[in-house]
2 protein chains.
Amino acid sequence: MVQLDTFDLKLLAALQDDGRLTNQQLADLIGLSASQCSRRRMRLEEEKVISGYHADLAGEVLGFELIAFIQITLATHSPDNAKKFRELVGRVDAIQEAYSLTGDADYLLKAVLRNLKSLSDIVNNVLMPHQSVAHVRSSIVLDKLKERAKLPLSTIQK
Amino acid sequence: MVQLDTFDLKLLAALQDDGRLTNQQLADLIGLSASQCSRRRMRLEEEKVISGYHADLAGEVLGFELIAFIQITLATHSPDNAKKFRELVGRVDAIQEAYSLTGDADYLLKAVLRNLKSLSDIVNNVLMPHQSVAHVRSSIVLDKLKERAKLPLSTIQK
DNA sequence: CATTACGATGCACAGATTGTGCATAATGCT
DNA sequence: AGCATTATGCACAATCTGTGCATCGTAATG
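Here we summarise the structure given alongside this text. All residue numbers refer to position in the chain's written sequence, counted from 1. Throughout, the order in which chains and ligands are written sets their labels, letters from A for the former and numbers from 1 for the latter. Since the coordinates come from a predicted model, pLDDT governs what is reported: local features require at least 70, and pairs of side-chain atoms require 80 or more to be given and counted, while whole-chain, interface and lining totals use all residues. Side-chain figures throughout are based on the complete set of non-hydrogen atoms in the structure, without hydrogens or water.

**Section: the protein's contact with DNA strand C**
No. 1: To be near a molecule or strand, a residue needs just one of its heavy atoms within 4 Å of it. DNA strand C sits among 16 residues. The nearest are S33, Q36 and R40 of chain A together with N23 and S38 of chain B.
No. 2: Backbone atoms, meaning sugar plus phosphate, form 57% of the atoms of DNA strand C positioned within 4 Å of the protein.
No. 3: By the criterion applied in these results, polar contacts are pairs of N or O atoms within 3.5 Å in which, for protein atoms, one can donate a hydrogen and the other can accept it, and in which residues neighboring in sequence qualify only through two side-chain atoms. The separation between a phosphate oxygen of DNA strand C and a polar side-chain atom of Q36 of chain A is 2.6 Å.
No. 4: Within the contact set of DNA strand C, a phosphate oxygen lies 2.9 Å away from a side-chain nitrogen or oxygen of R40 of chain A.
No. 5: Only DSSP runs of H or I with at least four residues qualify as helices, and only runs of E with at least two residues qualify as strands; both kinds are numbered from the N terminus onward. Where the surface near DNA strand C is concerned, the elements lending two or more residues are α3 (34-46) of chain A together with α2 (23-30) and α3 (34-46) of chain B.

**Topic: the pairing of strand β5 (residues 133-146) of chain A**
No. 1: Where strand β2 (residues 66-74) of chain A meets β5 of chain A, seven bridges bridge the pair, whose relative direction is antiparallel. Counted as the bridge partner of L74 of chain A is V133 of chain A from β5 of chain A.
No. 2: Here, strands pair whenever DSSP counts at least two bridges between them. Relative to strand β3 (residues 95-101) of chain B, β5 of chain A runs antiparallel, the two being bridged by four bridges. The residue of β3 of chain B that forms the bridge with K146 of chain A is A98 of chain B.

**Examining the protein's contact with DNA strand D**
No. 1: The local shell around DNA strand D holds 16 residues, among which N23 and S38 of chain A together with S33, Q36 and R39 of chain B are the closest.
No. 2: Among all atoms of DNA strand D positioned within 4 Å of the protein, those belonging to sugar or phosphate total 58%.
No. 3: In this structure, S38 of chain A approaches DNA strand D through a side-chain N or O atom, which is 2.8 Å from a phosphate oxygen.
No. 4: Residue R39 of chain B places a side-chain N or O atom 2.8 Å away from a base oxygen belonging to DNA strand D.
No. 5: Every element with two or more residues in the surface near DNA strand D is listed here: α2 (23-30) and α3 of chain A together with α3 of chain B.

**Focus: the sheet that holds strand β2 (residues 66-74) of chain B**
No. 1: What the eight strands build is a closed barrel, ordered β2(A)-β4(A)-β3(A)-β5(B)-β2(B)-β4(B)-β3(B)-β5(A); its pairing is antiparallel. The sheet shows a mean angle of 35° between the axes of neighbouring strands, taken without regard to direction.
No. 2: Here β3 of chain B pairs with strand β4 (residues 107-113) of chain B via five bridges, running antiparallel. Of the residues in β4 of chain B, the one forming a bridge with I95 of chain B is A111 of chain B.
No. 3: Helix α5 (residues 116-127) of chain A contacts β2, β4 (107-113) and β5 of chain A of the sheet and is inclined by roughly 15° relative to β2 of chain A.
No. 4: In the packing of helix α4 (residues 79-91) of chain B onto the sheet, the strands contacted are β5 of chain A together with β2, β3, β4 and β5 (133-146) of chain B, and the crossing angle to β5 of chain A comes to about 90°. A fitted line through C-alpha atoms serves as each axis, taken over the contacting stretch for helices, and the angle formed by two N-to-C directions is quoted from 0 to 180°. It only takes one pair of heavy atoms within 4.5 Å for two residues to be counted as in contact.

**Let's talk about the environment of A34 of chain B**
All names here are of chain B.
No. 1: Assignment of secondary structure puts A34 in helix α3.
No. 2: Among the residues examined, A34 registers a relative accessible area of 23% and is labelled partly exposed.
No. 3: Ignoring any residue separated from it by four or fewer positions in sequence, one finds A34 in contact with N23, Q24 and A27. Throughout this description, buried means an accessible area under 20% of the type-specific maximum (1.4 Å probe, protein chains only), exposed means over 50%, and partly exposed covers the range between.

**With respect to the relation of the copies chain A and chain B**
No. 1: When chain A is fitted to chain B, the best match, at an RMSD of 0.1 Å, comes from turning it 180° and sliding it 0.0 Å along the axis. Taken together, the rotation and translation relating the two chain copies correspond to the operation of a two-fold axis. For chain A, the residue whose C-alpha comes nearest the rotation axis is H54 of chain A, separated from it by 2.8 Å.
No. 2: When the interface residues of chain A are mapped onto chain B, 100% of them again fall at the interface, so both copies present the same face. All copies are superposed by least squares; the fitting set is the C-alpha atoms of residues with a pLDDT of at least 70 in both.

That is the geometry; function is a separate question.
Written as structure tokens, this is what we have:
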């Protein structure tokens, strides 16, 4: 775990909020010179504390009306089966996030979809028929309370 | 839903990948002049197609070793109870995402945590004792197959 | 205590980037 | 065709970026 001082944390917090802040704007925000912000930013990128920068696109505006969480239970837990499932997940663009989990289901998928038909399509024509999959249970997002919250940097010691 | 042409889609895809691309770099990527990229980018921001830019921080490097999904069932579905629960969610920094869902649980939370003790703390000392909450079930992420995948812009017509 | 070594800092500056005005090209409409 | 509207590239002033460099503070060493 990297050693970070107060300037680093402020800088990370600021960039987490707005990834296109200029070094000058960062400088004004955290009370350092622009050049020093540039150097610190480069260091944090180098160290992979900052893993990247991304534009956040508004799914709804682009016609992705639906978010669904899909719980998957595999047919068997053989490595071969797991591998096939992972390949499937990688191939389906609508699946934005995928995790293997403890608990009753083996995997949790988050899918972004155009409408209910697309969800039905993914569940019934892609996931269910796949040989690796034993059981599928999907839930539709009714409301987002929180999305893309920042990491709680304030809890970092020193 | 906004009308987008091929240039817009290429531009969005590029910025989704790297949110700090300069207009010149965008220009080279999508085959347009830098000034025009600047203008299109401004329009897409104006129209909220691009909702923001964010630095992506590596949780593991910062000591957040654990991701957990927590399913919550409310005690009652009264508006008052829901409101109290939402306030709770807003207050807890470790909860990064929160959705209300169809299906057996009312809410799904994604929490980023320092260790198992923090998870136990949130579940047993924050969520369980809260008056609005009837049932809590948590799952720990064992592996990330996909995270922060891009919106499948290729599926957008025109 | 003095000295040395080292990292962090601000400043200066050359080179790159940004957004806007403007003339021109492309597109759509009557 | 004729006209209006929009998109485009170019030019350019203002801004931003990263690097060299001198200085400062701090910790370690003699």
